[in-house]
Amino acid sequence: MSEPTELDFDDDATFDAWCAVLRAEIEAYLTSECYEYGKILDWPAWNIAPHVAMWAIESSEQPGYVGGWVLCGNLPMDYIEGDNLKNPREAMAAIAVRWQDFVDKTRRGESTEGVAVESGDDPEQMLAMMESRIGILLEIVADDEAWVEDIDGEEDIAGEEDSAGSGAVSAD
């Protein structure tokens, strides 16, 4: 039996296949959670393939504009409304803060109204896993080298945000 080969995510076909799988998972997630949304763009606004990606989700109320963000990959998938979040970095930071709030409230035995996390058989293990992911997300958010800036100095969502930073996206 041959050794499994590591996938090359610099290869366009491999990256596109990964994106297609994530898009399908995002669509299923948004539908199952009854979120109203416009288009899911073809590619993530930011990613470290195959580990994590942030996707801009078009607003259902304002087509052509970002209405929310989805974090997905090798961590729990999460959606956050994004009309006040200008870029994937801000969205990732907001999700990490929301997760930390959930973990803190859960550990104190307080209500986590409006937030549901599948914990499986071992809730403590789930909380520990979330804390490790929170730490990773916050490290990524703090790492300027993990984020590409366009020539105007604005963080670019994969070339989809206009240079004025209005949040307009190409949803072709």
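Residues numbered from 1 in each chain as written. Predicted model: local features only at pLDDT ≥ 70, side-chain atom pairs only at ≥ 80, totals over all residues. Heavy atoms only, no water.

Trainee: Mind showing me how you'd approach the pattern of salt bridges here?
Mentor: Should the charged atoms of two oppositely charged side chains come close, the side chains can pair. Under the counting rule described, the total for this entry stands at 8 salt bridges. Residues Arg89 and Asp144 are paired through a salt bridge, measuring 2.6 Å at the closest nitrogen-oxygen approach. Of this pair, Arg89 sits in helix 2 (residues 88-108) while Asp144 sits in the segment after helix 3 (123-142), and the two are 55 residues apart along the sequence. Taking relative accessible area as the criterion, Arg89 reaches 14% and is therefore assigned buried. Residue Glu131 pairs with Arg107 through a salt bridge whose shortest N-O separation is 2.9 Å. Highlighted residues: Glu131 in helix 3 and Arg107 in helix 2, separated in sequence by 24 residues. The exposure class assigned to Glu131 is partly exposed, which follows from its relative accessible area of 32%. Each member of the salt-bridge network shares a partner with another, and the members are Arg107, Glu124 and Glu131. (Salt bridge = Lys/Arg side-chain N within 4 Å of Asp/Glu carboxyl O. Helix = DSSP H or I, 4+ residues; strand = E, 2+ residues; numbered from the N terminus. Buried < 20%, exposed > 50% of the residue type's maximum accessible area, 1.4 Å probe, protein only.)

Trainee: Mind showing me how you'd approach the packing of aromatic side chains here?
Mentor: Aromatic rings considered in pairs are described by the distance between their centres and by the relative angle of their planes. Counted by the stated rule, this structure contains 4 aromatic pairs. When the centroid spacing of 6.2 Å and the interplanar angle of 45° are considered together, the rings of Tyr29 and Tyr35 count as tilted. Plain terms: the ring middles of Trp46 and Trp147 are 4.6 Å apart, the flat faces sit at 20° to each other, and that makes the pair stacked. Of the two residues, Trp46 sits in strand 1 (residues 46-48) while Trp147 sits in the segment after helix 3, which places them 101 residues apart along the sequence. (Phe/Tyr/Trp six-rings, centres within 6.5 Å; stacked < 30°, edge-to-face > 60°.)

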